[in-house]
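Close look at the chain arrangement
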Amino acid sequence: MFELKYNTPFEWTEAVLADFDSFLQDHASAEKKASGMATSMLSHYPDRETLVRTMTDLAIEELFHFKEVLKLLTKKGLTLGNDKKDSYIKQMRGVFRGEPLKFFLDRLLLGAVIEARGCERFGLVGQALPEGKEKQFYIEIAESEEKHKNLFVELAYEYFDKTEVDERLEEILTFEAKVCASLPYRAALH
């Protein structure tokens, strides 16, 4: 449906592989937060039937991903770790506009862009890992994120004019590319 405007360099993947345990902890946190975001969306827009149904499914799927990452952590003898502030998410929230309908559109499109970035980066991790269960897991997670990216855009098209959606998505993608280019490479999704 759309392409990101910033391609994550290999140096990010190297940072992840150099401290994969920290990356797993961050990934678990990201999945937990994604499930919470989906739950928040259905709570804030209970009159939007399609959104409620799809966000319910998404919340469950993200929580399942959290459970799978938790299994990887447990297998390595690691704990969840504390949730850390995510500079990427904090900066990306800067795109939100105050008027309720515009805020709703921005939430949907920001969800799409965040899922697209997850798709790209989980795919990079999946490509870089040696053959085995972890590699397959990250390939599958990337495929799942691709579906989620599209889901958010489809919801936006359901509730807003396509031209408005496409124009706003372009603006958010441009902003997101600048944010990504400004962040250091670390063993975290963002």
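First, a word on what this report is: a plain description of the structure on this page.

**Examining a positive patch on the surface**
Taken together, the side chains of Lys33, Lys85, Lys90 and Arg93 make up a positively charged region of the molecular surface. Along the chain, the position of arginine 93 falls in the loop between α4 (87-92) and α5 (100-128). For arginine 93, a relative accessible area of 53% gives the class exposed.

**As for the nonpolar core**
Judged by nonpolar contacts, the single largest core of 37 residues is most densely connected at Phe2, Leu51, Met55, Tyr88, Phe104, Leu108 and Val113. For this core, the secondary-structure elements that each account for two or more residues are α2 (20-44), α3 (49-75), α4, α5, α6 (133-159) and α7 (162-182). By residue number, the principal contributor to this core is α5, which donates eight residues. If we skip the residues at most four places from it in the chain, phenylalanine 2 touches Ala112, Val113, Ala116, Lys149, Val153, Leu169 and Leu173. By size, the runner-up hydrophobic cluster in this structure holds 19 residues, among which are Val69, Leu73, Leu129 and Phe137.

**Some remarks on the pattern of salt bridges**
Within this structure, the stated rule accounts for 12 salt bridges. Its salt-bridge partner being lysine 76, residue aspartate 21 comes within 3.8 Å of it at the nearest N-O pair. Of this pair, aspartate 21 sits in helix α2 while lysine 76 sits in the loop between α3 and α4, placing them 55 residues apart in sequence. Note that lysine 162 and aspartate 166 form a salt bridge whose closest N and O atoms lie 2.7 Å from each other. Here aspartate 166 and lysine 162 lie together in helix α7, a separation of four residues that amounts to about one turn. What you see here is one network of salt bridges that share partners, running through Arg97, Asp106, Arg168 and Glu171.

**Considering the packing of α5 against α7**
As a packed pair, α5 and α7 sit with axes 10 Å apart at the nearest point and diverge in direction by 50°. By the criterion of interaxial angle, the relationship of α5 to α7 is oblique. Taken as a pair, α5 and α7 cross one another with a handedness that is right-handed. For the pair formed by α5 and α7, the contact residues are Leu105, Asp106, Leu109, Leu110, Val113 and Arg117 on the first element and Glu164, Val165, Arg168, Leu169, Ile172, Leu173, Glu176 and Cys180 on the second. Per-class residue counts for the contact of α5 with α7 are nine nonpolar, no polar and five charged.

**Looking at empty space enclosed by the protein**
What the rule picks out here adds up to one cavity of 30 Å³ or more. In this structure, the largest cavity encloses a volume near 50 Å³. As for the largest cavity, its lining consists of Tyr6, Trp12, Arg121, Cys180, Leu183, Pro184, Tyr185 and His190. A breakdown of the residues in the lining of the largest cavity according to their chemical character gives six nonpolar, one polar and one charged.

The rules behind the values
Residues numbered from 1 in each chain as written. Predicted model: local features only at pLDDT ≥ 70, side-chain atom pairs only at ≥ 80, totals over all residues. Heavy atoms only, no water. Patch = residues over 30% accessible without salt bridge, like charges linked within 9 Å, V, L, I, M, F, W, Y side chains within 5 Å. Areas by Shrake-Rupley, 256 points an atom, 1.4 Å probe, with all protein chains shown as cover. Salt bridge = Lys/Arg side-chain N within 4 Å of Asp/Glu carboxyl O. Lys, Arg positive; Asp, Glu negative; His and termini not counted. Charge placed at Lys NZ, Arg CZ, Asp CG, Glu CD. Helix = DSSP H or I, 4+ residues; strand = E, 2+ residues; numbered from the N terminus. Buried < 20%, exposed > 50% of the residue type's maximum accessible area, 1.4 Å probe, protein only. Core = buried A, V, L, I, M, F, W, Y, C linked by side-chain atoms within 4.5 Å. Contact = heavy atoms within 4.5 Å. Axes fitted to C-alpha atoms, helices over the stretch in contact; angles between N-to-C directions. Parallel < 35°, antiparallel > 145°, perpendicular 65-115°, else oblique. Left-handed = near helix turned anticlockwise from the far one by under 90°. Nonpolar A, V, L, I, M, F, W, Y, C, P; charged D, E, K, R; others polar. 1 Å grid on protein atoms, 1.4 Å probe; cavity = no way out; pocket = protein on both sides within 12 Å on 5 of 7 lines; lining within 4 Å. Points joined across faces, edges and corners; volume = space filled by probe spheres on them.

It is worth stressing that arrangement in space is one thing and function is another; only the former is reported here.
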